[in-house]
Amino acid sequence: MPTKVANPASGKKSKDAVVHSALKLFNMGGYDGTSVRAIATDAGVNIALVSYYFGGKQGLLEYLMASFFEGYLASLEDAQHETARQASAADQLVMIAEQLIRYQQRYFYLSRFVHREMTLDNQLVRELMSSYLMKEKFLLERVFKKVFDGRNLNPVQIEFAIIQYRDMVIMPFLQPQYLRKVFFMQPSEPSFCTQYVRYIRDWADQVTKGCQKQK
């Protein structure tokens, strides 16, 4: 059994090094194609520390996925609280999207990895969907109820609008290579967010104006 780390600061550095190396190698070779030994070697730590901190590679995966979604949902909730009273429906959509995009930019490799893993069908992904993504849906429904207030819509139409909005928010981090190699865009750069949010602004204006016309 691994010896407990005596120096907390040193232990945090080792744990952070494992996380950093895991993200790098998972993005390069995929989760299945990356061994615990490769992670430990890249991080410059004893292989036993991966089990000590995370309980093994599966535990490390769960830690990364949960860390991403907890920060992502916290950003979503913060943005909702900040904009709920003073912002119009269109402004709220834009400001929430911008905050979520900037969060994903700050944790670019984590975001890229998590979104890619979420396209798979396994027990962990199903659990994450039933917890974190159901909460995301609930939070976004609150926003879109304001957007579609007073409009007689089929619930499926509202759900499609939420899906489209969410797709816009995560697309740059689900398909970064496509943006880079085909359109020569850099989704990790702040300038990309600035330009992309302008497009989301146009989309939000069209959606909310369409609602107003049909009230």
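Here is what the cut-offs are and how they apply
Residues numbered from 1 in each chain as written. Predicted model: local features only at pLDDT ≥ 70, side-chain atom pairs only at ≥ 80, totals over all residues. Heavy atoms only, no water. Buried < 20%, exposed > 50% of the residue type's maximum accessible area, 1.4 Å probe, protein only. Helix = DSSP H or I, 4+ residues; strand = E, 2+ residues; numbered from the N terminus. Arc of directions from axis to C-beta. Patch = residues over 30% accessible without salt bridge, like charges linked within 9 Å, V, L, I, M, F, W, Y side chains within 5 Å. Areas by Shrake-Rupley, 256 points an atom, 1.4 Å probe, with all protein chains shown as cover. Salt bridge = Lys/Arg side-chain N within 4 Å of Asp/Glu carboxyl O. Axes fitted to C-alpha atoms, helices over the stretch in contact; angles between N-to-C directions. Parallel < 35°, antiparallel > 145°, perpendicular 65-115°, else oblique. Nonpolar A, V, L, I, M, F, W, Y, C, P; charged D, E, K, R; others polar.

Asks: Before we move on, could you go through helix α9 (residues 176-183) and cite the residues and values that matter?
Replies: Looking at α9, one finds that the buried residues are Pro176, Leu179 and Arg180. In a view along the axis of α9, the buried residues occupy a sector of 95°, so they form one face of it. With its phi angle positive at about 55°, Phe184 sits one or two positions after the end of α9.

Asks: Which residues make up a nonpolar patch on the surface, and what values go with them?
Replies: A cluster of nonpolar side chains, namely Tyr178, Val182, Phe183 and Met185, defines an oily patch on the protein surface of about 380 Å² accessible area. For Tyr178, the position within the fold is in helix α9. On the accessibility criterion, Tyr178 (41% relative accessible area) is partly exposed.

Asks: Tell me what's going on with the packing of helix α4 (residues 57-83) against helix α7 (residues 123-147), and back it up with residues and numbers.
Replies: Interaxial distance between α4 and α7 falls to 11 Å at its minimum, and their mutual angle equals 10°. It follows from the interaxial angle that α4 and α7 lie roughly parallel. Split by residue class, the contact of α4 with α7 holds 14 nonpolar, three polar and seven charged.

Asks: Outline the pattern of salt bridges, listing residues and values.
Replies: Counted under the stated rule, the structure contains eight salt bridges. Note that Lys135 and Glu77 form a salt bridge whose closest N and O atoms lie 3.6 Å from each other. Taken together, the positions of Lys135 in helix α7 and Glu77 in helix α4 put the pair 58 residues apart, joining distant regions of the chain. The class for Lys135 is partly exposed, based on a relative accessible area of 37%. Residue class for Glu77 comes out partly exposed when judged on its relative accessible area of 26%. The network of salt bridges with common partners includes Asp91, Arg201 and Asp205.

Asks: Talk me through the environment of Arg116; I want residue IDs and the actual numbers.
Replies: Looking at the element boundaries, Arg116 is found in helix α6 (residues 108-117). Given a relative accessible area of 30%, Arg116 falls into the partly exposed group. In sequence terms Arg116 and Arg142 are 26 residues apart; their C-alpha atoms lie 27 Å from each other.

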